[in-house]
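Here are the chains, one letter per residue:
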Amino acid sequence: MTVKNSSIKDSPIAVLGAGSWGTALAIALAKNGQVVHLWDRVQPLLADISAIRQNARYLPDVPLPDNIVICNTLALALEQVKDILLVVPSHGFAEALQSVKPFLTPAHRIAWGTNGLEPETGHFLNQVAERELGAGRPYAVISGPSFAKEVAIGLPTAVTVASINQKFADELAVRFSQDSFSVYTTDDIIGVQLGGVVKNVLAVAVGISDGVQFGANARAALITRGLNEMMRLGEVLGARRETLMGLAGCGDVILTCTDNQSRNRRFGLALAEGLTEAEALNQIGQVVEAVYNVGQLCGLAKREQIELPIVEQVFRIMKQGVSPREALKVLFKRAPERESLTN
């Protein structure tokens, strides 16, 4: 990061999406001395947040700083704002861009804290942003090993901001950087997004393995070989290895695979109990991105003619009703192969 001081913090930033992650990022920005305009399309949620100055649904007992302004309309949220941070599920990303588009001026810049691909097309979200808003606007994605509750209460966190516009990446880093929140920048926007997708499916795999009590050895093997699959896919998609071995890749995989704050890991644990996909989603009560990502990754693998054995077995469990225990046994019965980062 090359920018140390900037007047960018003097202008408000809009956070669109008041779920757990959107609220946590809004709190982090506000604690760093910025005015934050927080908006969500779910008006009852906004009303509740405004009434008690906390997001009781997603982040109970975490008070909102006074400089978070709850905006009842999108127009109000975007007043006097240069930077817009979308924090919505991947299946709602294009719709969110379409909602914002009528309010945009050439000065507006778009960032997102969404992990996933577009469900209908399998496109990366930067491709969706360029399709919906044009290719000339600065875009950025923020990702990395970060649970919303820990960010909201100020526990140490480090993330990556990716943009091909270095000025925008640096200024977003300035907005977020503080004693408990470190930001690294890169122009590898594909690598950062890919890490945020693959880790969701790997967390399901590890959750399933732990749920059927395959043990710590199996957990370590799945994480390690899962990283190999991420590297293999990243290589053909043009992602850089150092990105995938960094915070947004390896770091996020380790976090989501090993802690029950991860929805995707809990989803895998629920599948291991014998719950169907629908039952597991109902139990969690929030969006589980792996439900979309697993098919998208299988599609990418087929298109690029590469093997992603862990992803394929998770797909069989989730979408084809294969027994979790039997699907994982298939993985561990694979023929011997030479270990490398790209085999």
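Just so it is clear, the structure is predicted and the values come from calculations on it, not from any experiment.

Here's the deal with the packing of helix H15 (residues 309-320) against helix H16 (residues 324-332)
Now for step 1: Running from amino to carboxyl end, H15 crosses H16 at an angle of 160°, the nearest separation of the two axes being 9 Å. Classified by the angle between their axes, H15 and H16 sit roughly antiparallel to one another. Like other packed secondary-structure pairs, H15 and H16 cross with a definite hand, here right-handed. Contacts between H15 and H16 involve Pro309, Ile310, Gln313, Arg316 and Ile317 on the former and, on the latter, Pro324, Ala327, Val330 and Leu331.

Description of the confidence of the model for the chain
Now for step 1: For the chain, the mean per-residue pLDDT works out to 94, and 96% of the residues sit at or above 70.
Now for step 2: In this model, residues 1-5 is a region of pLDDT below 50 whose contacts with residues beyond four sequence positions or in other chains number nine contacts.

Re the pairing of strand E7 (residues 157-162)
Now for step 1: Of all six residues in E7, five are buried, a share of seventy percent or more.
Now for step 2: With three bridges joining them, strand E6 (residues 139-143) and E7 adopt antiparallel strand pairing. Across the sheet, residue isoleucine 142 finds its bridge partner in E7, namely valine 161.

Comments concerning the pattern of salt bridges
Now for step 1: All chains considered together, the criterion is met by 14 salt bridges.
Now for step 2: In this structure, the salt-bridge partner of glutamate 171 is lysine 167, at a minimum N-O distance of 3.0 Å. Taken as a pair, glutamate 171 and lysine 167 lie in helix H7 (residues 166-176) at a separation of four residues, close to a single helical turn.
Now for step 3: Owing to a relative accessible area of 9%, glutamate 171 belongs among the buried residues under this scheme.
Now for step 4: The shortest N-O distance in the salt bridge between glutamate 277 and lysine 319 comes to 3.1 Å. Pair noted here: glutamate 277 is in helix H13 (residues 277-284) and lysine 319 is in helix H15, with a separation of 42 residues, a long-range link.

Basis of the calculations
Residues numbered from 1 in each chain as written. Predicted model: local features only at pLDDT ≥ 70, side-chain atom pairs only at ≥ 80, totals over all residues. Heavy atoms only, no water. Axes fitted to C-alpha atoms, helices over the stretch in contact; angles between N-to-C directions. Helix = DSSP H or I, 4+ residues; strand = E, 2+ residues; numbered from the N terminus. Parallel < 35°, antiparallel > 145°, perpendicular 65-115°, else oblique. Left-handed = near helix turned anticlockwise from the far one by under 90°. Contact = heavy atoms within 4.5 Å. pLDDT = per-residue confidence, 0-100. Buried < 20%, exposed > 50% of the residue type's maximum accessible area, 1.4 Å probe, protein only. Pairing = 2+ DSSP bridges. Salt bridge = Lys/Arg side-chain N within 4 Å of Asp/Glu carboxyl O.

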